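Descriptive structure summary
The primary structure of each chain is shown beneath.
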Amino acid sequence: MPCGPTCVVFDESLTDYDFGPAHPMNPVRVDLTMRLARDLGVVDGPRGLVSVPAPDATDDDLLVVH
């Protein structure tokens, strides 16, 4: 699905990765944040941001940021 100048990259697979108990990006927090954003219409609502699935990164993509 095409998005405009701003979108949210998210799909449920992003809650499968756990950075560890002390990391603020806990999968439960990510899930609850996205549920709240959808409930409030901030994401995927009639006037909200469009969510698009997270693409798989290639080795070249990873080398750009690491």
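Throughout what follows, the structure given in this document is the object of discussion. What you see is a predicted model, and the numbers here were worked out from it, not measured in a lab. (Residues numbered from 1 in each chain as written. Predicted model: local features only at pLDDT ≥ 70, side-chain atom pairs only at ≥ 80, totals over all residues. Heavy atoms only, no water.)

If you trace the backbone, glycine 48 turns up in the loop between α1 (27-39) and β2 (50-52). Along the primary structure glycine 48 and valine 8 are separated by 40 residues, whereas in three dimensions their C-alpha atoms are 10.0 Å apart. If near-sequence neighbours (up to four positions away) are discounted, glycine 48 is found in contact with Gly41 and Val42. (Helix = DSSP H or I, 4+ residues; strand = E, 2+ residues; numbered from the N terminus. Contact = heavy atoms within 4.5 Å.)

Take a nonpolar patch on the surface next. A cluster of nonpolar side chains, contributed by Leu36, Leu40, Val42 and Leu49, occupies part of the molecular surface with about 360 Å² of accessible area. For leucine 49, the position within the fold is in the loop between α1 and β2. (Patch = residues over 30% accessible without salt bridge, like charges linked within 9 Å, V, L, I, M, F, W, Y side chains within 5 Å. Areas by Shrake-Rupley, 256 points an atom, 1.4 Å probe, with all protein chains shown as cover. Salt bridge = Lys/Arg side-chain N within 4 Å of Asp/Glu carboxyl O.)

With that settled, the discussion passes to the packing of aromatic side chains. Applying the stated rule across the entire model yields one aromatic pair. Both rings, one in tyrosine 17 and one in phenylalanine 19, keep their centres 4.8 Å apart while their planes meet at 75°; by these two values the pair is edge-to-face. For phenylalanine 19, a relative accessible area of 45% translates into the label partly exposed. (Phe/Tyr/Trp six-rings, centres within 6.5 Å; stacked < 30°, edge-to-face > 60°. Buried < 20%, exposed > 50% of the residue type's maximum accessible area, 1.4 Å probe, protein only.)

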